[in-house]
Amino acid sequence: MLADKKEINMAFIVLLYLTLIINIGVSLIVPVMPVLMRTYGFSYSQLSISFTSIILSRFIFQNIGGKLILKIGYAKLLIICFGLHMLTMGMYPFFNTATAFIAMRFLEGAFEGM
């Protein structure tokens with residue numbers, strides 16, 4: 001019984017740290033918004049739409065994520081979503097248009113929402 005509790009606690013700690021690392025990475029985008037605006041010529045409305053798209057996709061995909069948990073299990077879904085989120089974050093440097101940035105923010109929110 002004690003070994004099971006330690007395994008659960010360790011899994012929770014790992015999950016907590018992974019979530020913290022992802023959230024630190026996501027929150028780093030806010031201080032660089034003026035740089036994005038100057039470098040790529042984004043308007044305030046385009047940046048607002050990018051923030052709205054991530055929130056909207058989180059809202060939409062939370063329900064889908066709940067259904068997927070029932071089908072494939074939370075551990076598999078968590079690993080898949082962390083992997084897809086990592087790929088999404090790695091793809092940001094390759095897109096330099098406002099539309100692509102908004103689409104990437106939507107995908108990022110989808111994987112965070114699940």
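Below is a short write-up of the structure.

The rules behind the values
Position numbers for residues start from 1 in each chain and track the written sequence from start to end. Local features are withheld for residues below a pLDDT of 70 in this predicted model, meaning they are given only at 70 or higher, and side-chain atom pairs are given and counted only at 80 or more; totals for whole chains, interfaces and linings count all residues. Based on all heavy atoms of the structure, the side-chain values leave hydrogens and waters out of the count. Salt-bridge detection follows one rule: a side-chain nitrogen of Lys or Arg within 4 Å of a carboxyl oxygen of Asp or Glu. Elements are defined by DSSP. Helices are runs of H or I of four residues or more, strands are runs of E of two residues or more, and each kind is numbered from the N terminus. Think of it in three bands: residues with accessible area under 20% of the maximum for their type are buried, residues over 50% are exposed, and the middle band is partly exposed, with areas taken using a 1.4 Å probe on protein chains only.

1. Digging into the pattern of salt bridges
- In this structure the tally under the stated criterion is two salt bridges.
- The shortest N-O distance in the salt bridge between Arg58 and Glu112 comes to 2.3 Å. Of the two residues, Arg58 sits in helix H3 (residues 44-72) while Glu112 sits in helix H5 (residues 98-113), which places them 54 residues apart along the sequence.
- By relative accessible area, which is 28% here, Arg58 ends up partly exposed.
- Relative accessible area serves as the criterion here: at 23%, Glu112 is assigned to the partly exposed category.
- Among the ionic pairs, Arg105 bridges to Glu108, the shortest N-O distance being 3.8 Å. Within this pair, Arg105 and its partner Glu108 are both found in helix H5, separated by three residues, close to a single helical turn.
- Look at Glu108 and you get buried, because its relative accessible area is 1%.

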